[in-house]
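Descriptive analysis of the structure
Here is what each chain is made of, one letter per residue.
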Amino acid sequence: MEIKHKTDEKKGYFFIEKDGEKKAEMVYSKAGESLFIIEHTEVDDSLRGEGAGKKMVIKAVELARKEGKKIMPLCPFAKSVFDRNEEIRDVLK
């Protein structure tokens, strides 16, 4: 499962395509130079049970670590991933 990433000056998103269609997306906004705010995560039923949502959160964690940033998960799903996985909380704001 390939997770793609696009970003601009204010927002970004991680997404998964299947058969040429976007099937999962996690949207974040940039808050200053040091913070990402995960706003929304959506996964199509066709990917349920494959861990697609968690994998997108992990990609965001990897990006935050690489760029020296923190993540604030306003999205309930993303927050639940942080709550269940202590090893990624180093980037939690």
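Residues numbered from 1 in each chain as written. Predicted model: local features only at pLDDT ≥ 70, side-chain atom pairs only at ≥ 80, totals over all residues. Heavy atoms only, no water.

1. Side note on the packing of helix α1 (residues 52-67) against helix α2 (residues 76-84)
Test applied: For helices, the fitted line uses only the C-alpha atoms of the stretch in contact; every axis is such a line through C-alpha atoms, and the angle between N-to-C directions lies from 0 to 180 degrees. Runs of H or I in DSSP of at least four residues are treated as helices and runs of E of at least two as strands, each being numbered from the N terminus. Here the word oblique covers every angle except those under 35 degrees (roughly parallel), over 145 (roughly antiparallel) and from 65 to 115 (roughly perpendicular). Here, residues are in contact when the closest pair of their heavy atoms is within 4.5 Å. For this scheme, ten residues count as nonpolar: Ala, Val, Leu, Ile, Met, Phe, Trp, Tyr, Cys and Pro. Four count as charged, namely Asp, Glu, Lys and Arg, and the remainder, Gly too, count as polar.
One can describe the packing of α1 onto α2 by two numbers: an axis separation of 10 Å at closest approach and a directional angle of 75 degrees. Between α1 and α2, the interaxial angle falls into the category roughly perpendicular. Across from G53, K54, V57 and V61 in α1, the residues of α2 making contact are F77, A78, V81 and F82. Here the contact of α1 with α2 is built from residues that sort into six nonpolar, one polar and one charged.

2. Observations regarding the packing of aromatic side chains
For clarity, the threshold we go by: Here is the rule: rings of Phe, Tyr and Trp (six-membered ring for Trp) pair when centre to centre is within 6.5 Å. Planes less than 30 degrees apart are stacked, more than 60 are edge-to-face, and the remainder are tilted. Throughout this description, buried means an accessible area under 20% of the type-specific maximum (1.4 Å probe, protein chains only), exposed means over 50%, and partly exposed covers the range between.
Tallied over the entire structure, the rule returns three aromatic pairs. Between Y13 and F15 the ring centres are 5.2 Å apart and the planes differ by 40 degrees, which places this aromatic pair in the tilted class. With a relative accessible area of 24%, Y13 lands in the partly exposed category. For F15, a relative accessible area of 4% puts it in the buried group. Where Y28 meets F36, the ring centres are 4.9 Å apart and the plane angle is 50 degrees; that geometry is what we call tilted. The class of F36 is buried, set by a relative accessible area of 3%. Put simply, the rings of F14, Y28 and F36 pair up and form one aromatic cluster.

3. Quick look at the pairing of strand β3 (residues 21-31)
Our working definition: Two strands pair if DSSP finds at least two bridges between them.
Note that strand β2 (residues 11-18) and β3 share eight bridges and pair antiparallel. The residue of β3 that forms the bridge with K11 is S29. Between β2 and β3, which pair antiparallel one after the other, the connecting turn spans two residues, and D19 there sits at a positive phi close to 55 degrees.

4. Digging into α1
Rules: Every helix has an expected span of 1.5 Å times one less than the residues it contains.
The end-to-end C-alpha distance of α1, which contains 16 residues, comes to 23 Å, matching closely the 22 Å that a straight helix rising 1.5 Å per residue would cover. Buried within α1 are the following residues: A52, G53, M56, V57, A60, V61, L63 and A64. Contacts made by the buried residues of α1 are with β1 (4-7), β2, β3, β4 (35-43), β5 (70-73) and α2. Where α1 terminates, the next one or two residues include G68, which has phi positive at roughly 65 degrees.

The values reported here are purely geometric and, on their own, carry no functional implication.
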